[in-house]
Amino acid sequence: DTGVSQDPRHKITKRGQNVTFRCDPISEHNRLYWYRQTLGQGPEFLTYFQNEAQLEKSRLLSDRFSAERPKGSFSTLEIQRTEQGDSAMYLCASSLGNTSRAGELFFGEGSRLTVL
Amino acid sequence: KQEVTQIPAALSVPEGENLVLNCSFTDSAIYNLQWFRQDPGKGLTSLLLIQSSQREQTSGRLNASLDKSSGRSTLYIAASQPGDSATYLCAVAGANSKLTFGKGITLSVRP
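Bear in mind that the values here come from a model prediction, so they are computed numbers and not experimental data. Numbers given to residues run from 1 along each chain, matching the order in which its sequence is written. Each chain takes a letter, starting from A, and each ligand takes a number, starting from 1, following the order in which they are written. At least 70 in pLDDT is required for a residue's local features to be given in this predicted model, at least 80 for side-chain atom pairs to be given and counted, and no such filter applies to totals for whole chains, interfaces and linings, which use all residues. Where side-chain values are given, they derive from all heavy atoms of the structure, hydrogens and water being excluded.

Draft legend 1. View of the packing of aromatic side chains. Aromatic contacts are taken between Phe, Tyr and Trp rings whose centres are within 6.5 Å, Trp giving its six-membered ring; a plane angle under 30 degrees counts as stacked, one over 60 as edge-to-face, and the others as tilted. Tallying each qualifying case throughout the model produces 10 aromatic pairs over all chains. With centroids separated by 5.3 Å and ring planes inclined at 90°, the aromatic side chains of A:Phe107 and B:Phe36 adopt a geometry described as edge-to-face. Of this pair, A:Phe107 sits in strand 10 (residues 106-107) while B:Phe36 sits in strand 4 (residues 32-38), on two different chains. Residues A:Phe107 and B:Phe36 agree in their burial class; the two are buried. Ring pairing ties together the aromatic residues A:Tyr33, A:Tyr35, A:Phe45, A:Tyr48, A:Phe107, B:Phe36 and B:Phe101, which thus form one cluster. Sitting above the plane of the A:Phe45 ring, B:Lys98 keeps its charged end 5.0 Å from the centroid. Helix and strand definitions follow DSSP, with helices as H or I runs of at least four residues and strands as E runs of at least two, each counted in order from the N terminus. Relative accessibility decides the category of a residue: with a 1.4 Å probe and only protein chains considered, values under 20% of the type maximum give buried, values over 50% give exposed, and everything between is partly exposed. In this analysis the charged atom, NZ for Lys or CZ for Arg, is taken to sit over a ring once it is within 6 Å of the ring centre and within 35 degrees of the ring normal.

Shown next, in the form of structure tokens:
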């Protein structure tokens, strides 16, 4: 168990470019979550998957954002036509759903996006 | 809509002091409550998870309590150390384990 892994840890991009973040959850975890955290704020929910199915998306997730989890293992979060307001830390978490510990989320180190 | 409040936003204490961090939430229909630690520029480390049926959990020098009916939780840190300096986040889980977070309390423990 190597924990939740995120890549890249830091991405600097120019406004209008596309960026993609990857998350590898803890291997036996079937639920995967994406959160966004801006400076001085707590993380805000973006979306979550149970296996490969995307079950909920926040209204924060505009149509420029897309998340996938094609084989129920790793997930990607893509932001198209980035804006300066997208600058934030993007956090991935995983949990073991449908158990008494389903609510315990384990977070990765995050991917920090800076849009110039 | 669930709202989680953590006050104060920052706290500074001398080393060795016992301290209590407070968290309040507006909707008592929660599945569990988690306390996390976050170091600057880092991800979140889970400290304690309290299921909705439980009243408290303990891990080492940390003790967390939950009072669902009043919408409150406290995190007690005994004999604080400079290494405890970090931001402490409270989060409550609703349906599908979706977490709603407070803004966190930034703790500084002075040597």
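Draft legend 2. Region of the structure containing the interface of chain B and chain A. With 20 residues of chain B at the interface, the matching set in chain A holds 25 residues. Each of two parts loses accessible area, computed with a 1.4 Å probe, when they are put together; buried area is these two losses added. In total, chain B and chain A occlude about 1700 Å² of area from one another, counting both sides; carbon and sulfur atoms represent 47% of this. Of all residues in chain B, the largest losses of buried area upon contact with chain A belong to B:Asn96, B:Ser97 and B:Lys98, amounting jointly to 28% of the total for that side. Just to be clear on terms, a salt bridge is a Lys or Arg side-chain nitrogen sitting within 4 Å of an Asp or Glu carboxyl oxygen. At the boundary of chain B and chain A, one finds 1 salt bridge. Of all the elements in the fold, those that place two or more residues in the side of chain B that touches chain A are strand 4, strand 5 (44-51) and strand 10 (99-101) of chain B. Gly falls in the polar group here, along with every residue not listed as nonpolar (Ala, Val, Leu, Ile, Met, Phe, Trp, Tyr, Cys, Pro) or charged (Asp, Glu, Lys, Arg). When the residues that make up the side of chain B that touches chain A are grouped by side-chain class, the tally is 6 nonpolar, 10 polar and 4 charged. The contact definition used throughout considers only heavy atoms, calling two residues in contact when any of these lie within 4.5 Å.

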